[in-house]
Amino acid sequence: MAYTLVIEDTEYKLPLDYTVKQWVNMSTAAVNPDFMISIGMGMPIDKVNMLPEKTKVMTLALLNAVLKPAWRGLTKEIDNGKLIDLENITLGDFIDLEVYIENYKKHFPEIIGKLYGVDNPNECLISQVQPAVEYYLKWRMLLYKQYSNLFDLDHVNDEDDEVQQRNRPNPAHVWFDIVMVLADDKFLNMDAVLNQPLIQSLNWLAWNKDKKRKELELVKKQQRR
């Protein structure tokens, strides 16, 4: 069913889908609902100002339903790309996604590009790729909970307020430190480390952390004698 708004004999149709580029534009404009409606409906801003408040609220709800199609199933293949295998995702790809997610709206195309391996993610359709993003974010949260002994979960919540966001450590710096631990502080080992499977890398980090904890406990025990 197609929804339309008629203003002064001009009909504006609600699109049934948007591209990733349009998603970025609309999400950026979401701080001003009128601008979001203008972009999403292809309607001049002065026409949007004429809409009753209830109509604006309904229109925004419909736009958000198109932008975040929860009813759509997971699309594993699109025309020129295939969804990344999360069971075998590399440490490097995971770190790239972590850096992108830190500024989610700005880097949404890069997130899609990484998840599907496409060269021009801006032209991908939201109905095809948004469910994969939601799937990945849930998988990511589960991963952090499984390795909660390694990480501070405060930095993985994308809905934290702006003050908390500003106080977070730079994820690129955090992950660089982790990579250097895996690389034995040798820069030339970094590429090999980044190409390692993520789960294997996390398992080693967990083992190494536990090993150092036991060593420290032994030293403290010996000092008390």
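What counts as what
Residues numbered from 1 in each chain as written. Predicted model: local features only at pLDDT ≥ 70, side-chain atom pairs only at ≥ 80, totals over all residues. Heavy atoms only, no water. Helix = DSSP H or I, 4+ residues; strand = E, 2+ residues; numbered from the N terminus. Rg over C-alpha atoms; globule rule 2.2 N^0.38 Å. Buried < 20%, exposed > 50% of the residue type's maximum accessible area, 1.4 Å probe, protein only. Areas by Shrake-Rupley, 256 points an atom, 1.4 Å probe, with all protein chains shown as cover. Lys, Arg positive; Asp, Glu negative; His and termini not counted. Charge placed at Lys NZ, Arg CZ, Asp CG, Glu CD. Salt bridge = Lys/Arg side-chain N within 4 Å of Asp/Glu carboxyl O. Phe/Tyr/Trp six-rings, centres within 6.5 Å; stacked < 30°, edge-to-face > 60°.

When helices and strands are counted, the protein shows 11 helices and four strands. For the protein, the C-alpha radius of gyration of 23 Å lies well beyond 17 Å, the compact-globule estimate for 225 residues. The principal-axis extents of the C-alpha atoms in the protein amount to approximately 90 × 40 × 30 Å. Residues counted as buried form 40% of the 225 residues belonging to the protein. Working note: accessible area of the protein is about 14000 Å², and carbon and sulfur atoms make up 53% of it. Considering the protein, the positive charge centre built from 27 side chains and the negative charge centre built from 33 side chains are found 8 Å apart.

Taken as a whole and assessed by the stated rule, the structure comprises 11 salt bridges. Note that Arg140 and Glu98 form a salt bridge whose closest N and O atoms lie 2.6 Å from each other. With a gap of 42 residues between them, Arg140 in helix H7 (residues 126-146) and Glu98 in helix H5 (residues 91-102) connect regions that are remote in the sequence. Neither Arg140 nor Glu98 differs from the other in exposure class; each is buried. A salt bridge links Arg213 to Glu217; its shortest N-O distance comes to 2.8 Å. Separated by four residues within a single helix, Arg213 and Glu217 lie in helix H11 (residues 198-224), roughly one turn from each other. On the basis of relative accessible area, Glu217 is assigned to the partly exposed category, the value being 42%. Overlapping salt bridges, with partners in common, bring together Asp210, Arg213, Lys214 and Glu217 in one network.

Moving on, we get to the packing of aromatic side chains. The geometry of an aromatic ring pair is captured by two quantities: the separation of the ring centres and the angle between the planes. The full count for this structure, using the stated rule, is eight aromatic pairs. With a centroid separation of 6.1 Å and 45 degrees between ring planes, the pair formed by Phe94 and Tyr144 is classed as tilted. In this pair, Phe94 sits in helix H5 while Tyr144 sits in helix H7, placing the two residues 50 residues apart along the sequence. The class of Phe94 is buried, set by a relative accessible area of 1%. Three or more aromatic residues joined by ring pairs form one cluster here, namely Phe94, Tyr136, Trp139, Tyr144 and Trp175.

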